[in-house]
Amino acid sequence: MRPHRPPRRPRPRPRHAHGGRPLGAALGALLLAAATALAVNGSATAQPAPLDWIKNGDFRDPLDRGWHCDGEFVQTGQVVEGRPGGQDYAGCRQIVPVEAGTRYSFSAYMSGAYTFATISGTGTGTGELTFWADGPSWKSLGTTFAVGDVREVTVTFHGWYGQAPYQVRHVEMIGPMYPSECTPVPVPTAAPASTQPCMPRPSEPPTSPGPTLPTPTRA
């Protein structure tokens, strides 16, 4: 006599969305489309995370990767030494992309008398920002600065004509930092309330005058 076997239960069939696609696959496609749309359109409040926009600012690579230099330089590890001559100040420059209407934090770690770091072309009408070191000790130079209606600025470091060598160890420019939304101006009660945020352009921080420089000498 054969043993009694329980009847087999029918396997559940996958549920299908309209058009014959499995419901799970349809839901996954819908979520993917929503994520793609969010990535493309963004949100009203999300802003890019601040980044360091200086290329080879830590000098881990050869100096010519990211920097355009004139004069004599010696690179030892991650320290760059500029050696000014009678007709040049041993300078390096880099054009850096920026976001208009934002702020950036700039710093340069330098040593040596008559050692300069500059930022030009900020679009704020205040001229070139200049920072300097004035002795053999390492100093961190820099500030937070505003950007006007421009898409790039120029960052430069250099010494001075006929002066002693100087050293640079690190240069960075962190941003963009977006201004906070401010309260809308009140309107009459008969008019609809304003919901548009105002984005004031940040003002340029004050800078102190540079040192008195010696007259360049001929070689």
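About the thresholds
Residues numbered from 1 in each chain as written. Predicted model: local features only at pLDDT ≥ 70, side-chain atom pairs only at ≥ 80, totals over all residues. Heavy atoms only, no water. Phe/Tyr/Trp six-rings, centres within 6.5 Å; stacked < 30°, edge-to-face > 60°. Helix = DSSP H or I, 4+ residues; strand = E, 2+ residues; numbered from the N terminus. Lys NZ or Arg CZ within 6 Å of the ring centre and 35° of its normal. Core = buried A, V, L, I, M, F, W, Y, C linked by side-chain atoms within 4.5 Å. Buried < 20%, exposed > 50% of the residue type's maximum accessible area, 1.4 Å probe, protein only. Pairing = 2+ DSSP bridges. Contact = heavy atoms within 4.5 Å.

A. Summary view of the packing of aromatic side chains. This structure, assessed with the given rule, holds ten aromatic pairs. Each ring, one from Y89 and one from Y161, has its centre 5.5 Å from the other, and the planes form 45°; the classification is tilted. Within this pair, whereas Y89 is found in the loop between β4 (79-83) and β5 (91-97), its partner Y161 is found in the loop between β8 (152-158) and β9 (166-177), the two being separated by 72 residues in sequence. By the ring-pair criterion, three or more aromatic residues cluster together here, those being Y89, F116, W160 and Y161. Across the ring face of W138, the terminal group of R169 is positioned such that the distance to the ring centre comes to 4.1 Å.

B. Main features of the nonpolar core. In terms of nonpolar packing, the biggest core is built from 30 residues, with W67, F106, F157, V171 and M173 touching the most fellow members. Every element with two or more residues in this core is listed here: β5, β6 (103-120), β7 (129-146), β8 and β9. Broken down by element, this core gets its largest block of residues, six residues, from β6.

C. Structural context of the pairing of β8. Extensive coverage of β8 is indicated by the burial of five of its seven residues. Here β5 runs beside β8; their pairing, made up of six bridges, is antiparallel. In the sheet register, C92 faces β8, and the bridge partner there is F157. Pairing of β6 with β8, which is carried by five bridges, proceeds in the antiparallel orientation. The partner of T118 across the bridge, within β8, is T156.

D. View of the side chain of T118. Relative to the elements of secondary structure, T118 occurs in strand β6. With relative accessibility at 4%, the residue T118 sits in the buried group. The contact partners of T118, leaving out residues within four places of it in the chain, are E128, L129, T130, T154, V155, T156 and H158.

E. The arrangement of unusual backbone geometry in detail. P176 follows G175 through a cis peptide bond whose omega is -5°. Assignment of secondary structure puts P176 in strand β9. Within the chain, N56 stands out as a residue other than glycine whose phi angle is a positive 55°. Mapping N56 onto the fold places it in the loop between β1 (51-52) and β2 (68-70). What makes N56 buried here is its relative accessible area of 12%. Even without a glycine there, the phi angle at A90 is positive, about 50°. Tracing the backbone shows A90 in the loop between β4 and β5.

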